[in-house]
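# Close look at the chain arrangement
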Amino acid sequence: MNPGTQWSAEDDDKSLIERWKAGDPRAATELVRRHADALARFATSGGEREEIEELVQDTFVRAFNSIDAFRGESSLRTWLFTIERRLMLDRRRAELRERNLVSLDGVEGSTTYDALDGVVAQETATRVRQALASLSPMQREVFVMRVEQGLAYAEIATILETTEGAARVHYHNAIRGVKEFLND
Amino acid sequence: MTECMNAEMRDALPDYLNGTLDSARTAEVRAHVAACDECAAELELLRVVAASAPSAPPMDVARIANAIPTPTRHGFMIHRGGGEPAESPPPPTVVPIRARPGIWSRRSVKIAAGLAVVTAGGLSLLVGRDVLRPESQVGQAKSVAVAAVPAAHSVSVPVATTKAPSTREAQPRQVASAAPVGLSLTDDLQELSDEHIATLLNEMDRMDGLPSAEPDAVEPVVGNANSGGQNQ
């Protein structure tokens, strides 16, 4: 492709990966352009508040360094979400270690939702975030991915390394939990 | 808050909210929501949840892309270095893809080769000694070798009276059974003079230079020399 040529929608992610492997760095730039914002939203939905761009960048660097591990069984975006989620868990474990917390139990349940009160001004929204914080970690992750990211159950199952049926059950339990919290 | 019993429609509400359904399915869900108070309330709740999601900061695509390594023809992943990022990013992971240092493998090969030479040399010496040792165990093998030479070289005396083996598999056993009486060359090896024994050993040494052959591939000489080596 000549310099300055725009990437078309027909250039799917796989063909861009092949172009990048062939030595075309602009293919990587196009992939970043396509997925960076979604990764940022995914991070914020998962409770990340600081250094979002660094997290997204680390996700891309790690993904491209192990691109051969991507077999195309899921979409590239789902695979990137999987990598980013692991990095988020690593971050939280590191934060816990810095706080000299010995036990790592409930690491995945440690989010910053409880700190959202000052960030979200609107009362209803605050109540909703509190309702989400009351869910189990798995319920919350499934619910957020389904509602805020619009992911299908199959994609959620891939990211969370669970089954599609289990993801569906977690979603319905989550929405029931949110309703109960808000009705109290 | 009650729940709609139509699980399929409830499952589709997040997709409807995010606009990921096709037009037909979208119309179907819209019609259902219009007629179902429970699903309408649940959809509103999902809207609030989605609206309450914290906004993500804008991403600097160029800066992120700049940190991504690029493969080269030689399989190395290097930093592109196409312009300085706005802020100093964490150093990119550089993963050189190349063969591991071969010093250990080369050294191990040399050691293995040396051991093989020493072992082979030692074994050949042992075999050479066995050839010269006139003991019955050695004779078992040598009797077969003697049978392999042409009749002119064979100084064998027709003493082996056992019947010829019916199968090739039985041949080594037949030869071995004749061995205890001594090389199957004569009734009693003790009757040979030193000169005869020396001559036999010299013949054996010369046979060592012949191409090796499996004993099975040779018809054993068990009968009269005049029979041309044919059994029975």
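The shown structure was predicted, so the numbers you read here are calculated from the model rather than taken from an experiment. (Residues numbered from 1 in each chain as written. Chains lettered and ligands numbered in written order. Predicted model: local features only at pLDDT ≥ 70, side-chain atom pairs only at ≥ 80, totals over all residues.)

Moving on: the interface of chain B and chain A. Chain B puts 35 residues into the contact, and the matching count from chain A is 36 residues. Of all the elements in the fold, those that place two or more residues in the side of chain B that touches chain A are α1 (7–18), α3 (37–52), α4 (61–66) and β1 (70–71) of chain B. Per element, the largest residue contribution to the side of chain B that touches chain A is 8 residues, and it comes from α3 of chain B. Residue composition of the side of chain B that touches chain A, by class: 25 nonpolar, 6 polar and 4 charged. (Contact = placed C-beta atoms within 7 Å. Helix = DSSP H or I, 4+ residues; strand = E, 2+ residues; numbered from the N terminus. Nonpolar A, V, L, I, M, F, W, Y, C, P; charged D, E, K, R; others polar.)

Next up on the list: the packing of helix α5 (residues 123–133) of chain A against α3 of chain B. Each pair of packed helices can be summarised by the angle the axes make with each other and by the distance between the axes. For the pair α5 of chain A and α3 of chain B, the least separation of the axes is 9 Å and the interaxial angle reads 95°. In terms of orientation, α5 of chain A lies roughly perpendicular with respect to α3 of chain B. The segment α5 of chain A lies against α3 of chain B, with Thr124, Ala125, Val128 and Arg129 of chain A engaging Val48, Val49, Ala51 and Ser52 of chain B. A class-by-class count of the residues in the contact of α5 of chain A with α3 of chain B yields 5 nonpolar, 2 polar and 1 charged. (Axes fitted to C-alpha atoms, helices over the stretch in contact; angles between N-to-C directions. Parallel < 35°, antiparallel > 145°, perpendicular 65-115°, else oblique.)

Let us look at the confidence of the model for chain B. If pLDDT is low for a region, its predicted coordinates should not be looked at in detail. All names here are of chain B. Chain-level statistics for chain B give a pLDDT mean of 64 and a share of 38% at 70 or above. The lowest-confidence element of chain B is helix α7 (residues 171–178), averaging 42 in pLDDT; the highest-confidence one is helix α2 (residues 23–35), averaging 96. Ignoring residues within four places in sequence, the model shows residues 138–186, a span with pLDDT below 50, making 77 contacts including any to other chains. Model confidence for the complex is summarised by a pTM of 0.56, with the ipTM given as 0.78. (pLDDT = per-residue confidence, 0-100.)

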